[in-house]
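Topology and contacts: notes
Okay, here's what each chain looks like letter by letter:
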Amino acid sequence: MFQIGLLHLILFFMPVSDKPVFESQIVDSNISIGYGLALADVDGDGKTDILLADRKQIVWYKNPEWQKYLIAENLTKHDNVCIAAADIDGDGKAEVAVGAQWNPSETGNAEESGAVFYLSRPADPTKPWKPWQLSHEPTVHRMRWVKSADGKYFLLVLPLHGRNNISGKGAGVKFLAYSVPQQKESDWPLYLLDSSLHMTHNFHHYISNDKTLKGIYIASAEGVRYISDTIPRRKWYAARLIPGLDHGAGEIKVGNASGGKVFISTVEPMHGNAIVLYHPANKMERLILDTNIKEGHALGVADFLGTGSDQVVAGWRAQNSNGETGIRIYYPADKSNTNWTTEWIDQNGMACEDIQVADLDKDGKPDIVASGRASKNVKIYWNRTAVRR
């Protein structure tokens, strides 16, 4: 598929960028699991910081020294599992929410499984934050702050299972949108976005000028589903199937392709062995980019190479058939978007649990942040690609 032996020849003829180059920096080499990352300006200094939901701690690392500060710890009996951070009120400082009480085998008892907290910041964000617990479903797994089409932010929370669901059978997953009240330490109104799926893993909010494409894409064992981002204009939503995307998926990202088109990238199946690409403009053509990963658990899309269209980065956390863990970048070998090649970003230095992407040093090129489960680390991969603008 990749024509790896011709990699240097292919790169020589690429018209707009040189070979991808990333320089790694260890931010923390002593984490527990590194369930989830978020990138946002925590202290309002105009720089993007790193936030981490670790096993028992929620922490942030201050840009550019990456000094570590504790936000909260021991929120619940079981582990933390996810984190969301964004400036939702325009003051230049991130609001933070976390998911905890990770106990996926318990799908019925909400006290023993799942938790959602809004973390109220102190005057000094380097001091511990105050947790405010919100209502929740069992098996809370992923969350994001999402700005609706009408400009209002919501906290979207996706469980892994529906209530009393066993092996993907039973009640549907309640995908909820929390409306942010003026007084955040009060009840948060809830909207049910969807309850048709039975085992979900992650979701992505794609922002676009094309109203037919922008919205929320959900990766589930039943395939990829889509919800419009018109929250809260209706009180009930239904995620619709995207024809051709009926393969079970655990991770999903939507990227910008050449010519104003898009692509959809997935890890298939959940915790799977394949990185897959779909082109909606080509009748959802399915391209398999890689099948030699194991427990794929992280995806990112951005224009890392300065080509005018996005590339894919993917990470996995268990050793593949070659005994390797790590992160790879996948990108088109030509303008057809049908022939893709690959390059290592980290070979055996990251058992990847999560990936987030942002321009951390404001040089105009997106950088990569990853957390490792077995490798117990957080790393930045600085984008040093020599881009010819």
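Quick summary incoming for the structure in this document. Residue numbers run consecutively from 1 along every chain, following the written order of its sequence. The predicted nature of this model means local features are confined to residues of pLDDT at least 70 and side-chain atom pairs, given and counted, to a pLDDT of 80 or more, with totals for whole chains, interfaces and linings taken over all residues. As a convention, hydrogens and water are excluded, and side-chain values are obtained from all of the structure's heavy atoms.

1. Digging into the nonpolar core
Remark: nonpolar core denotes a set of buried residues (Ala, Val, Leu, Ile, Met, Phe, Trp, Tyr, Cys) joined through side-chain atoms within 4.5 Å. Buried residues are those whose accessible area, probed at 1.4 Å on protein chains only, stays under 20% of the maximum for their type, while exposed residues exceed 50% and partly exposed ones sit between those limits. Membership of the largest hydrophobic core comes to 22 residues, with the highest contact counts inside it found for Val-116, Met-143, Trp-145, Leu-155, Val-157, Tyr-178 and Trp-188. Comment: elements are numbered from the N terminus, with helices defined as DSSP H or I runs of at least four residues and strands as E runs of at least two. Every element with two or more residues in this core is listed here: β6 (82-86), β8 (115-120), β10 (140-147), β11 (153-159) and β12 (175-179). Residues Ala-53, Tyr-69, Leu-75 and Ala-115 belong to the second largest nonpolar core, which totals 21 residues.

2. Some remarks on the side chain of Gln-101
Within the secondary structure, Gln-101 sits in the loop between β7 (95-100) and β8. Working rule for contacts: check all heavy atoms of both residues, and any pair within 4.5 Å makes them a contact. Among all residues touching Gln-101, those that are not within four sequence positions of it are Thr-76, Lys-77, His-78, Asp-79, Glu-111, Glu-112, Ser-113, Gly-114 and Ala-115.

3. What to know about empty space enclosed by the protein
Think of a 1 Å grid over just the protein atoms. A cavity is a set of points where a 1.4 Å probe fits yet cannot get out, a pocket is an open set with protein on both sides within 12 Å along at least five of seven lines, and lining residues have an atom within 4 Å of a point. Grid points are joined across faces, edges and corners, and a volume is the space filled by probe spheres set on the points. Applying the stated criterion across every chain yields a total of 1 cavity of 30 Å³ or more. As a volume, the largest cavity reaches approximately 40 Å³. Elements with a contribution of two residues or more to the lining of the largest cavity: β18 (251-256), β22 (296-302) and β26 (352-358). Take the lining of the largest cavity: its biggest share by element is 3 residues, from β26.

4. A closer look at the pattern of salt bridges
Pairing of side chains with opposite charge becomes possible as their charged atoms draw close. A carboxyl oxygen of Asp or Glu within 4 Å of a side-chain nitrogen of Lys or Arg is what we treat as a salt bridge. With the rule as written, the count across this model stands at 16 salt bridges. For Arg-55, the salt bridge is made with Asp-79, and the minimal N-O distance between the two is 3.2 Å. One end of the pair, Arg-55, is in the loop between β3 (49-53) and β4 (57-62); the other, Asp-79, is in the loop between β5 (67-73) and β6, with 24 residues separating them in the sequence. On the basis of relative accessible area, Asp-79 is assigned to the buried category, the value being 11%. With a shortest N-O distance of 2.6 Å, Glu-268 and Arg-286 are connected by a salt bridge. Highlighted residues: Glu-268 in strand β19 (residues 262-268) and Arg-286 in strand β21 (residues 285-290), separated in sequence by 18 residues. The exposure class assigned to Glu-268 is buried, which follows from its relative accessible area of 5%. On the basis of relative accessible area, Arg-286 is assigned to the partly exposed category, the value being 34%.

5. Focus: the layout of surface pockets
Its boundaries defined by the atoms lining it, the largest pocket holds a volume of some 950 Å³. As for the largest pocket, its lining consists of 40 residues, and the residues nearest its centre are Arg-144, Trp-145, His-204, His-205 and Gln-356. Broken down by secondary-structure element, the contributors of at least two residues to the lining of the largest pocket are β2 (36-40), β6, β10, β14 (200-206), β18, β22 and β26. In terms of residue class, the lining of the largest pocket is made up of 24 nonpolar, 8 polar and 8 charged. Throughout, the ten residues Ala, Val, Leu, Ile, Met, Phe, Trp, Tyr, Cys and Pro are labelled nonpolar, Asp, Glu, Lys and Arg are labelled charged, and all others, Gly among them, are labelled polar.

6. Quick word on the pairing of β2
Within β2, 5 of the 5 residues are buried, which leaves the element mostly enclosed by the surrounding structure. Being paired, for any two strands, means DSSP has found at least two bridges between them. In this sheet, β3 lies alongside β2 in antiparallel orientation, the contact comprising 5 bridges. By the bridge assignment, Gly-36 is partnered in β3 with Ala-53.

7. Some details on the sheet that holds β18
If you walk across this open sheet you meet the 4 strands as β18-β19-β20-β21, and the pairing is antiparallel. Strands with a single pairing partner mark the edges of an open sheet, and in this sheet they are β18 and β21. Averaged over neighbouring strand pairs, the angle between their axes works out to 25° when direction is ignored. Two elements, β18 and β19, share 6 bridges in a ladder whose sense is antiparallel. Bridging across to β19, Glu-251 finds its partner in Val-267. Comment: axis = line fitted to C-alpha atoms, over the contacting stretch for helices; angle = value between 0 and 180 degrees taken between N-to-C directions.

Everything listed here is a matter of geometry and, on its own, says nothing about what the molecule does.
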